[in-house]
Amino acid sequence: MLLLNVVYIVVGIALVLWGADRLTEGASSLARGMRVPEIVIGLTIVAAGTSAPELFVSLMSALKGTPDMAVGNVIGSNIFNTLLIVGCSAAIAPMAIQPTTVKKDIPFAVGASMLLFMLCFDDMDSPHLWGNEISRSDGIVLLIAFLGFMFYTFQMARRDGLLPKNEEELGVTPVKEPRDFTGLWKHLSFIVIGLACLIIGGNFFVDAATYIAHRYGVRQSVIGLTIVAGGTSLPELATSVVAAYKGRSAIAIGNVIGSNVMNIVLVLGLTSVIHPLRIMGITIVDLTMMLVSAGFLWLFAFTKYFVSRREGFLLIGFFACYMAWLLYLL
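None of the values given here were measured: they were computed from a predicted structure. (Residues numbered from 1 in each chain as written. Predicted model: local features only at pLDDT ≥ 70, side-chain atom pairs only at ≥ 80, totals over all residues. Heavy atoms only, no water.)

1. Points about helix H12 (residues 284-304)
Taking 1.5 Å as the rise per residue, H12 with 21 residues should run 30 Å; its terminal C-alpha atoms sit 31 Å apart, in good agreement. Buried within H12 we find Asp286, Leu287, Met290, Ser293, Ala294, Leu297, Phe300 and Ala301. Positive phi shows up at tyrosine 305, right after H12, with a value of about 55°. (Helix = DSSP H or I, 4+ residues; strand = E, 2+ residues; numbered from the N terminus. Expected span 1.5 Å × (residues − 1). Buried < 20%, exposed > 50% of the residue type's maximum accessible area, 1.4 Å probe, protein only.)

2. Observations concerning the confidence of the model for the protein chain
Summary statistics for the protein chain give a mean pLDDT of 80 and a share of 83% for residues scoring 70 or more. Element-level pLDDT for the protein chain is lowest in helix H7 (residues 167-170), with a mean of 48, against a maximum mean of 91 in helix H13 (residues 309-329). Confidence drops under a pLDDT of 50 for residues 169-178, and excluding neighbours within four residues, the segment shows 11 contacts in the predicted structure. (pLDDT = per-residue confidence, 0-100. Contact = heavy atoms within 4.5 Å.)

3. A short note on the packing of aromatic side chains
Applying the stated criterion across every chain, the model contains 7 aromatic pairs. Ring centres of phenylalanine 108 and tyrosine 152 lie 6.1 Å apart, and the angle between their planes is 20°; this geometry places the pair in the stacked category. A residue pair is termed long-range when its members are at least 10 positions apart, and phenylalanine 108 in helix H5 (residues 99-119) and tyrosine 152 in helix H6 (residues 136-159) qualify at 44 residues. By relative accessible area, which is 24% here, phenylalanine 108 ends up partly exposed. Judged by centre distance (5.8 Å) and plane angle (40°), the ring pair of phenylalanine 296 and phenylalanine 300 falls under tilted. One end of the pair is phenylalanine 296 and the other is phenylalanine 300, both in helix H12 and 4 residues apart, which spans about a single turn. Using a relative accessible area of 26% as the deciding quantity, one classes phenylalanine 296 as partly exposed. (Phe/Tyr/Trp six-rings, centres within 6.5 Å; stacked < 30°, edge-to-face > 60°.)

4. Topic: the environment of alanine 62
Take alanine 62: it is sitting in helix H3 (residues 52-63). Note: C-alpha distance between alanine 62 and histidine 275 (213 residues apart in sequence) is 6.4 Å. Discounting residues that sit within four places of it in the chain, alanine 62 has contacts with Ala70, Thr271, His275 and Leu277.

5. A word on the environment of asparagine 260
Note on placement: asparagine 260 falls in helix H11 (residues 249-274). Residues in contact with asparagine 260, not counting those within four places in the same chain, are Ser77, Asn78, Asn81 and Thr82. Side chain to side chain, asparagine 260 and threonine 82 meet in a polar contact 2.9 Å long. (Polar contact = N/O pair within 3.5 Å; in protein donor to acceptor, adjacent residues only side chain to side chain.)

6. Regarding a nonpolar patch on the surface
A cluster of nonpolar side chains, namely Met1, Leu2, Leu3, Leu4, Val6, Val7, Tyr8, Val10, Val11, Ile200, Phe204 and Tyr216, defines an oily patch on the protein surface of about 1100 Å² accessible area. Looking at the nonpolar patch, the elements that each hand over two or more residues are helix H1 (2-33) and helix H8 (184-216). Broken down by element, the residue count for the nonpolar patch peaks at 8 residues, all from H1. With respect to the helices and strands, the residue leucine 3 is situated in helix H1. (Patch = residues over 30% accessible without salt bridge, like charges linked within 9 Å, V, L, I, M, F, W, Y side chains within 5 Å. Areas by Shrake-Rupley, 256 points an atom, 1.4 Å probe, with all protein chains shown as cover. Salt bridge = Lys/Arg side-chain N within 4 Å of Asp/Glu carboxyl O.)

Encoded structure:
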């Protein structure tokens, strides 16, 4: 039975990752057919697409009555992204970071982590983390922060000349012409198939992980912080490591920062609005590690606008220590 559930987990991960890819590809192709600028697609569809695995796994976890796995998935993914992905990327090739990223983007990720930290302790009747919840009102606050992040991103893109201000800059004549809907049904089918795979894969993943947690006495939060978080962060790991290897460190670091912000404000925001997330197994250590890891990334990047190999190995070391702590709790 254990082997079968391990197979379900692997199949679930594969379906979720493949479904996210199909969904993103279908939505991007449809947007291009409707003459939406590439930069807009990147800032919206692709950015949300990389967080689709976390969103659907967390949502399925919440709906199935395992909120610890939903919250642990997001917190674990952010720790995984910041410590292991940035660490591995910097260890492969030192990462140069743009000053605007250090001064504006990374602080937003740190701020999102601090906001989640505070929302987990906003129950004045319970000074301890155990028993608190990320309520619907908390979810609305997170979604407002998400809208603020998107507005800020678009404003920065427009200021830097990345977004067109009118139809002429797009190369589109003001005369209304029929849109090019060639392959419309193909794009729509990708979207539908992608969503179906996300839902089915998310169900497989959560059911199998929950069974293992119950069968072997492992806390659901630990499953969420490790197996689930690692599985749903595979797209970010692959993208960032390849980008760092090719010398495109801006993509690698941007991928991590964007994913971390999306995971908190969009994934947890939307999930908690649909179903409040009661916190039972997530500890102060987990939340602190998420916040401290973002702080370390900011510190390393702020010193010389650079994350060296030595700092990359240091981040990997922090991640190994945290994993050892979780194993010790078993």
